[in-house]
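Structural features, examined
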Amino acid sequence: MRILLVEDDELLGEGIRDALVRGHYTVEWVRDGLQGLAAIRAGGFDIVVLDLGLPRLDGVEVIRRAREGGDATPVLVLSARDTPEQRIAGLDAGADDYLIKPFDIGELFARLRALGRRQRGAASNLMVHGPVSIDPVALSVTLAGQPVVLQRREFMLLSKLVESTGQVLSRRQLEETLYGWEGDVESNALDVHIHNLRKKLYPELIRTIRGVGYTVDPPDQADLPQA
Ligand code: CA
């Protein structure tokens with residue numbers, strides 16, 4: 001999952017970013033409302049984590065303008081403003097959830113997982129695809145009940161593909177999920193991760209769409225591994 005963090009407090013922003021990276025999220029961090037709005041409009045994020053008291057453009061205004069522009073990316077608001085009126089203004093502007101500062105980082109993770117579930121229309125955190133199970137809390141993967149050891153980026157790539165089952169994801173989308181704005185990605189890095197996932201899980205899991213990207217087919221239409 002790729003998260004946009006909009007937070008002007010350096011210390012808090014750094015703490016959140018580092019925690020999210022450890023939790024196998026890709027994070028882009030911007031420090032004011034205008035940059036936040038521009039990043040939302042540029043697209044490619046699964047969830048926006050948004051402070052309300054921001055320089056240049058207030059958080060509520062960021063949500064309002066993003067929604068007016070038709071963007072539906074889930075927004076989790078972080079705020080020290082704790083009067084009901086302010087929470088109501090944020091939610092009415094189009095925020096999906098609210099966390100009052102100071103908060104426990106574990107609660108932030110739980111709320112991000114809840115937003116992720118809502119997006120997938122799923123009741124459980126566990127993502128199951130045929131014989132493959134992905135546990136985003138334990139950051140672990142099993143194949144037919146047996147643990148499979150994945151590297152951080154392999155885990156992120158697998159999660160993104162399985163989350164998007166039935167959709168074709170372009171190389172660019174996948175590279176953004178893995179590397180964000182880091183740039184300077186080795187041109188074959190994605191292919192290496194795909195190769196490793198096919199080897200560690202099973203080759204038919206990820207289908208190449210030539211000239212476009214990759215897809216994971218719905219389990220009932222997919223080739224399952226031979227037992
Ligand atoms: Ca602030």
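Our subject is the structure listed above.
Here's what I pulled together on the structure shown here. The residue numbers shown here count from 1 along each chain, following its written sequence. The model is predicted, so local features are restricted to residues of pLDDT at least 70 and side-chain atom pairs to those at 80 or more, both for listing and for counting; the totals for chains, interfaces and linings are taken over all residues. The basis for the side-chain values is all heavy atoms of the structure; hydrogens and waters are excluded.

In this section: the pattern of salt bridges. We define a salt bridge as a contact between a side-chain nitrogen of Lys or Arg and a carboxyl oxygen of Asp or Glu at a distance within 4 Å. Overall, the coordinates contain 18 salt bridges when judged by the stated rule. Between Lys-101 and Glu-7 there is a salt bridge, with its nearest N and O atoms 3.0 Å apart. With Lys-101 in the loop between strand 5 (97-100) and helix 5 (105-120) and Glu-7 in the loop between strand 1 (2-6) and helix 1 (10-22), this residue pair connects regions lying 94 residues apart in the sequence. Judged on exposure class, the residue Lys-101 and its partner Glu-7 are both buried. In this structure, the salt-bridge partner of Glu-175 is Arg-171, at a minimum N-O distance of 3.8 Å. Here Arg-171 and Glu-175 lie together in helix 7 (residues 171-179), a separation of four residues that amounts to about one turn. Throughout this description, buried means an accessible area under 20% of the type-specific maximum (1.4 Å probe, protein chains only), exposed means over 50%, and partly exposed covers the range between. Accessibility expressed as a relative area gives 28% for Arg-171, which makes it partly exposed. Through salt bridges with shared partners, a single network forms among Arg-2, Glu-28, Arg-172 and Glu-176. In DSSP terms, a helix is any run of H or I states spanning at least four residues, a strand is any run of E spanning at least two, and both are numbered starting from the N terminus.

In this description, a donor is an N, O or S atom within 2.8 Å of the metal centre, a cutoff extended to 3.2 Å for sodium, potassium and calcium. Water is not part of the atom list, which can make sites seem incomplete. For the calcium ion, every protein donor is listed as Asp-8 (OD), Asp-51 (OD) and Gly-53 (O), and the spread of their distances is 2.1 to 2.3 Å. Of note, the calcium ion draws all its donor residues from one chain, in the sequence arrangement D-x42-D-x1-G. Residue Asp-8 is found in the loop between strand 1 and helix 1, and its partner Gly-53 is found in the loop between strand 3 (47-51) and helix 3 (59-68); the two are separated by 45 residues along the sequence.

Let us now look at the packing of aromatic side chains. Whether two aromatic rings pair depends on their centres lying within 6.5 Å, for rings of Phe, Tyr and Trp, where Trp uses its six-membered ring; planes under 30 degrees apart make the pair stacked, over 60 edge-to-face, and the rest tilted. Summed over the entire model, instances satisfying the criterion amount to two aromatic pairs. On the numbers, 5.9 Å between centres and 40° between planes, the contact of Tyr-25 with Phe-109 is tilted. Of the two residues, Tyr-25 is situated in the loop between helix 1 and strand 2 (26-30) and Phe-109 in helix 5; the sequence distance between them amounts to 84 residues. Phe-109 shares its class with Tyr-25; the two are buried.

Every regular strand shows the same layout, with side chains that alternate between the two sheet faces. For strand 2, the buried fraction is high: five of the five residues fall into the buried class. Of the two faces of strand 2, the one holding Thr-26, Glu-28 and Val-30 and the one holding Val-27 and Trp-29 are both buried throughout. Pairing geometry for strand 1 and strand 2, over five bridges, is parallel. Bridging across to strand 2, Ile-3 finds its partner in Val-27. Look down the strands so they point away from you; if going from the first strand over the helix to the second traces a clockwise path, that crossover is right-handed. In this fold, strand 1 hands off to helix 1, which returns the chain to strand 2; that crossover is right-handed. Two strands pair under a simple rule: DSSP has to find at least two bridges between them.

Those residues of helix 3 that sit buried are Gly-59, Val-60, Val-62, Ile-63 and Ala-66. Looking straight down helix 3, one finds that the buried residues subtend no more than 160° of arc, so they occupy a single side. On the buried face of helix 3, the contacting elements are helix 2 (33-42), strand 3, strand 4 (75-79) and helix 4 (84-93). Under the rule applied, a polar contact is a pair of N or O atoms within 3.5 Å (in protein, one hydrogen donor and one hydrogen acceptor; residues adjacent in sequence only if both atoms are side-chain atoms). If you check the start of helix 3, you find a side-chain oxygen 3.0 Å away from the backbone N of Val-60, and it comes from Asp-58. What the arc measures is the spread of directions leading from the helix axis to the C-beta atoms. In what follows, a contact means two residues having at least one pair of non-hydrogen atoms within 4.5 Å.

As a further point, take the sheet that holds strand 10 (residues 168-170). Taken together, three strands build an open sheet; the order of strands is 10-12-11 and the sheet is antiparallel. This sheet does not close on itself; its edge strands, each paired only once, are strand 10 and strand 11 (207-209). Going across the sheet, the axis of each strand differs from the next one's by a mean of 35°, ignoring polarity. In this sheet, strand 12 (residues 213-215) lies alongside strand 10 in antiparallel orientation, the contact comprising three bridges. Bridge pairing in strand 12 links Ser-170 to Gly-213. Here the axes come from fitting lines to C-alpha atoms, over the contacting stretch only for helices, and the angles between their N-to-C directions go from 0 to 180 degrees.

Functional significance is not addressed by these values, which are geometric in nature.
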